[in-house]
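Observations on the model geometry
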Amino acid sequence: MDKLMIVSGSANPKLAEDICSVLKVKLGDVLVNRFSEGEIRLKVNDNVRGKDVFVIQPTCPPVNENLMELLILLDALKRASAYRITAVIPYYGYARQDRKDQPRVPITAKLVANLLTIAGANRVLTMDLHAGQIQGFFDIPLDHLFAINVFVDYISKLRLDNLVVVSPDVGGIKMARAYAKRLSAGLSIVDKRRISPEKSEVMHILGEVDGRDALIVDDLVATGGSLIEAASAIKKAGAKNIYAAISHGVLSGSAIENIQKSQIKKLLITDTIPFKNSKKASNPARIDHPIPLKDGSKIAVLSVAPLLADAIKRIHKEESVSSLFDIVV
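Described below are features of the structure shown in this document. (Residues numbered from 1 in each chain as written. Predicted model: local features only at pLDDT ≥ 70, side-chain atom pairs only at ≥ 80, totals over all residues. Heavy atoms only, no water.)

Some details on the packing of helix 1 (residues 13–23) against helix 8 (residues 305–316)
Viewed as axis vectors pointing N to C, helix 1 and helix 8 meet at an angle of 60 degrees, and their least axial separation amounts to 9 Å. The orientation of helix 1 with respect to helix 8, classified from their angle, is oblique. With respect to the hand of their crossing, helix 1 and helix 8 are arranged in right-handed fashion. Residue-level contacts link Leu 15, Asp 18, Ile 19, Val 22 and Leu 23 of helix 1 to Ala 305, Pro 306, Leu 308, Ala 309, Ile 312 and Lys 313 of helix 8. Among the residues forming the contact of helix 1 with helix 8, the class breakdown is nine nonpolar, no polar and two charged. (Axes fitted to C-alpha atoms, helices over the stretch in contact; angles between N-to-C directions. Helix = DSSP H or I, 4+ residues; strand = E, 2+ residues; numbered from the N terminus. Parallel < 35°, antiparallel > 145°, perpendicular 65-115°, else oblique. Left-handed = near helix turned anticlockwise from the far one by under 90°. Contact = heavy atoms within 4.5 Å. Nonpolar A, V, L, I, M, F, W, Y, C, P; charged D, E, K, R; others polar.)

Details of the side chain of Ser 262
The topology assignment puts Ser 262 in the loop between helix 7 (255–260) and strand 13 (264–270). Among the polar contacts listed, one links the side chain of Ser 262 to the backbone oxygen of Ile 259, at a separation of 2.7 Å. Not counting residues within four places of it along the chain, the set of residues in contact with Ser 262 comprises Ile 228 and Lys 298. (Polar contact = N/O pair within 3.5 Å; in protein donor to acceptor, adjacent residues only side chain to side chain.)

Some remarks on the nonpolar core
Grouped together as the largest cluster of nonpolar side chains are 48 residues, with contacts concentrated most on Ile 19, Tyr 179, Leu 215, Leu 308 and Ile 312. Ranked by the residues each element gives to this core, the list is headed by helix 8, at seven residues. Contacts of Leu 308, omitting those with residues within four sequence positions, involve Leu 15, Ile 19, Val 88, Pro 90, Leu 125, Met 127 and Leu 145. Counting 34 residues, the second largest nonpolar core, distinct from the first, contains Val 7, Leu 71, Leu 73 and Phe 138. (Core = buried A, V, L, I, M, F, W, Y, C linked by side-chain atoms within 4.5 Å. Buried < 20%, exposed > 50% of the residue type's maximum accessible area, 1.4 Å probe, protein only.)

Regarding empty space enclosed by the protein
Under the defined criterion, the tally for this structure stands at one cavity of 30 Å³ or more. Tyr 91, Tyr 92, Ala 95, Met 127, Asp 128, Leu 129, His 130, Asp 219, Leu 220 and His 248 together form the lining of the largest cavity. Each residue belonging to the lining of the largest cavity can be placed in one class, and the counts come to six nonpolar, two polar and two charged. (1 Å grid on protein atoms, 1.4 Å probe; cavity = no way out; pocket = protein on both sides within 12 Å on 5 of 7 lines; lining within 4 Å. Points joined across faces, edges and corners; volume = space filled by probe spheres on them.)

Considering the pairing of strand 4 (residues 52–56)
Summarising burial for strand 4: five of the five residues are buried, a large majority. Bridge analysis of strand 1 (residues 4–8) against strand 4 gives five bridges, and the strand direction is parallel. Looking at the pairing, Val 7 lines up with Val 55 of strand 4. For the handedness criterion, the β-α-β arrangement of strand 4, helix 2 (residues 63–79) and strand 5 (residues 84–89) is classed as right-handed. (Pairing = 2+ DSSP bridges. Right-handed = clockwise from strand over helix to strand, strands pointing away.)

Structure (structure tokens):
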């Protein structure tokens, strides 16, 4: 492990520290600040020549700042003669722009993949991509992890009554089926019509939810509009308690306040993105255990640091990581 090195940008340093704590290694020293005009100034202070370097940097909001910072850090490591550079991107931004579904629109997820490769990444480690086909956008090895085990371990301890797993749209059926199988639960689907990128309208509920506890599963929650709409429709259909397990808590705009007022009893997210309990918080609030961040909060954060640390250790030792991203369907 003496050749292993972990460095982090400024997107989620706490997650990087937690990963280092699990692996019992020191976090690399990287200087990140800004020039007077706003350009990113970066310097790797530790010697990385011949090292197997893992860069922890989700491309979460502010997306463009964090993405550019990642690209510059990759370039710095490449020019410093690192043996291998793995971009660990727990949350892959621009993933929703994964196909050309309208005239004259870009496929930005592919563009980002190209930028990462050109900048110097030899490998990518990510988690719960918005669309599985994004793996094919890369011409370098990519390991795709899933947060399902982290959520299932927590949900199983709740001993929910006659649980049904709900997919908020048709595209999430595969993920919902995996959760349903792991939890020995029923399966339901929300049939919705998207009015705009941020707003949708529920048309039908496919499956039986009446008198049952419901668990909505998805890969990310941004404004929370679709999630809240789905929870409302499920509640009207007779569901008892409604929970949600979402891998990436973007929670932009007034999402947190809206979720607090919604039919959702508890929203579980992971720490792939730093969570701020309020817009006024000076530092990201985070917990190691899935308990409310403050009294009355409906949001709880579960850590994926042990999962990412295990994957990093296996990649470094050239061991198989298939057991970590194997998902039951």
